[in-house]
Amino acid sequence: MTFTGLVVLAGILPAQARGSLSSLPKVVEVPSRPAYVIPPREKESDARPGQSLVPSTVLRTRKPGRLQVAFPDGRRFRLGGDSLALIGRSDVELSRGQIIGWLIPGRADGPPLRIRTRVGTASISGTTVFLEASPERLRIFSWEGSVQVEARDGQRFSLSSGEEVIHENGAWSPPRQLSRAEATQRRRVSTLLHGFSTPMETLPALERELDRLP
């Protein structure tokens, strides 16, 4: 979906359908800018910690901009630089860029975190997932735990810790297990795992899973 299409979609949500502020996800941190928010029928503005995000809000960043968003039910995600995403009623749609999503440990039963893209959807119920989307390629990587991937063409993949699947040139590659060295290098250079003051609750589990990789 193009940026124009996202903005158009952001402008068609009736005000009465937006829900109470207490039930809405919020921006919890903006460690670097530029990072912007486009609520339905409103102009783009700088993202602010504490800002509520109604359904159909567009999030946009430019390098080195990053932000973190929290849903009240324990779903969390961070958006990297040069990213474009749309907040849905129960999911997030990533048009381009990088996102890492997780659920806080011990949360009560609730909906999974679903991250949609143009070619597939990643769903997590208690784990940490990374997605990177461009017009040419989509990468879905499980940092820890099980990630369910449902492709638009009907294929389904189940990723375990340290596994990734890639869509490129119109086709999906088989799931691939990263080595400990490769995953550790990604951990070291990731801009979504460093530079935030707000805790990432699944980081200890992520570190343990790295140590178990071959």
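See the structure printed just above.
Just so it is clear, the structure is predicted and the values come from calculations on it, not from any experiment.

Asks: So what's going on with the overall build of the protein? Residues and values would help.
Replies: Secondary structure assignment for the protein yields 3 helices and 17 strands. Relative to the compact-globule value of 17 Å for 214 residues, the protein shows a C-alpha radius of gyration of 16 Å, a close match. C-alpha extents for the protein along the principal axes are approximately 50 × 35 × 35 Å. Every one of the 214 residues in the protein was classed for burial, and the buried ones make up 52%. Here the contacts in the protein between residues at least 6 apart in sequence split such that 52% fall between residues at least 24 apart. Summing over all exposed atoms, the protein offers an accessible surface of approximately 9,900 Å²; the carbon and sulfur share of this is 52%. Positive and negative side-chain charges in the protein, numbering 30 and 22 respectively, have mean positions lying 4 Å apart.

Asks: Describe the pattern of salt bridges, naming the residues involved and giving the relevant values.
Replies: Considering all chains together, one arrives at 13 salt bridges under this definition. Its salt-bridge partner being Glu132, residue Arg139 comes within 3.7 Å of it at the nearest N-O pair. The shortest N-O distance in the salt bridge between Arg176 and Glu182 comes to 2.9 Å. Given the relative accessible area of 34%, Arg176 is considered partly exposed. The structure contains a network of salt bridges with shared partners spanning Glu132, Arg139, Glu164, Arg176, Glu182 and Arg186.

Asks: Any details on helix H2 (residues 180-189)? Residues and values, ideally.
Replies: Since the α-helix packs 3.6 residues into each turn, any two residues three or four apart lie on the same face. Every buried residue of H2 is listed here: Ala183, Arg186 and Arg187. Projection of H2 onto a plane perpendicular to its axis shows the buried side chains occupying an angular sector of 100 degrees, all on one side. Exposed positions of H2 whose direction lies more than 90 degrees from the buried face are Ala181, Arg188 and Val189. Against the buried residues of H2 lie strand S12 (137-144), strand S15 (163-168), strand S17 (176-177) and helix H3 (203-212).

Asks: Summarise the packing of aromatic side chains; cite the residues concerned and give the values.
Replies: The description of an aromatic ring pair rests on the distance of the ring centres and on the angle between the ring planes. Here the structure, examined in full by the defined rule, presents 3 aromatic pairs. Centroid distance Phe71 to Phe77: 6.4 Å. Interplanar angle 50 degrees. Geometry classified as tilted. With respect to class, Phe71 is no different from Phe77; both count as buried. The ring of Phe196 carries Arg78 above its face, with NZ or CZ at 4.0 Å from the centroid. Positioned above the aromatic ring of Phe141, the side-chain terminus of Arg186 is 5.1 Å from the ring centre.

Asks: Describe the packing of H2 against H3, and please don't skip the residues or the numbers.
Replies: A pair of packed helices is characterised by two quantities: the angle between their axes and the separation of those axes. The contact between H2 and H3 brings their axes to 9 Å, and the two run at 150 degrees. Between H2 and H3, the crossing angle belongs to the class labelled roughly antiparallel. Contact with H2, carried on its side by Arg180, Ala183, Thr184 and Arg187, involves Leu203, Leu206, Glu207, Leu210 and Asp211 of H3 and no other residues of that element. Across the contact of H2 with H3, the residue classes tally to 4 nonpolar, 1 polar and 4 charged.

Asks: Provide a residue-level description of the layout of surface pockets, including the pertinent values.
Replies: What the largest pocket holds in volume is close to 170 Å³. Broken down by element, the residue count for the lining of the largest pocket peaks at 3 residues, all from S12.

Asks: Give me the lowdown on the environment of Leu206, citing residues and values where you can.
Replies: Mapped onto the secondary structure, Leu206 falls in helix H3. The exposure class assigned to Leu206 is buried, which follows from its relative accessible area of 0%. Spatially, the C-alpha atom of Leu206 lies 16 Å from that of Ile140, the residues being 66 residues apart in sequence. The contact partners of Leu206, leaving out residues within four places of it in the chain, are Thr128, Trp143, Glu144, Arg187, Leu193 and Met200.

Asks: Could you give me a rundown of unusual backbone geometry, with the residues and numbers involved?
Replies: Cis geometry marks the peptide bond from Arg33 to Pro34; its omega dihedral reads 15 degrees. As for its position among the elements, Pro34 is in the loop between strand S1 (26-32) and strand S2 (35-38). The step from Lys63 to Pro64 runs through a cis peptide bond, and the omega angle for that step is 5 degrees. One non-glycine residue, Arg41, lies in positive phi territory at about 65 degrees.

Conventions and cut-offs
- Residues numbered from 1 in each chain as written.
- Predicted model: local features only at pLDDT ≥ 70, side-chain atom pairs only at ≥ 80, totals over all residues.
- Heavy atoms only, no water.
- Helix = DSSP H or I, 4+ residues; strand = E, 2+ residues; numbered from the N terminus.
- Rg over C-alpha atoms; globule rule 2.2 N^0.38 Å.
- Buried < 20%, exposed > 50% of the residue type's maximum accessible area, 1.4 Å probe, protein only.
- Contact = heavy atoms within 4.5 Å.
- Areas by Shrake-Rupley, 256 points an atom, 1.4 Å probe, with all protein chains shown as cover.
- Lys, Arg positive; Asp, Glu negative; His and termini not counted.
- Charge placed at Lys NZ, Arg CZ, Asp CG, Glu CD.
- Salt bridge = Lys/Arg side-chain N within 4 Å of Asp/Glu carboxyl O.
- Arc of directions from axis to C-beta.
- Phe/Tyr/Trp six-rings, centres within 6.5 Å; stacked < 30°, edge-to-face > 60°.
- Lys NZ or Arg CZ within 6 Å of the ring centre and 35° of its normal.
- Axes fitted to C-alpha atoms, helices over the stretch in contact; angles between N-to-C directions.
- Parallel < 35°, antiparallel > 145°, perpendicular 65-115°, else oblique.
- Nonpolar A, V, L, I, M, F, W, Y, C, P; charged D, E, K, R; others polar.
- 1 Å grid on protein atoms, 1.4 Å probe; cavity = no way out; pocket = protein on both sides within 12 Å on 5 of 7 lines; lining within 4 Å.
- Points joined across faces, edges and corners; volume = space filled by probe spheres on them.

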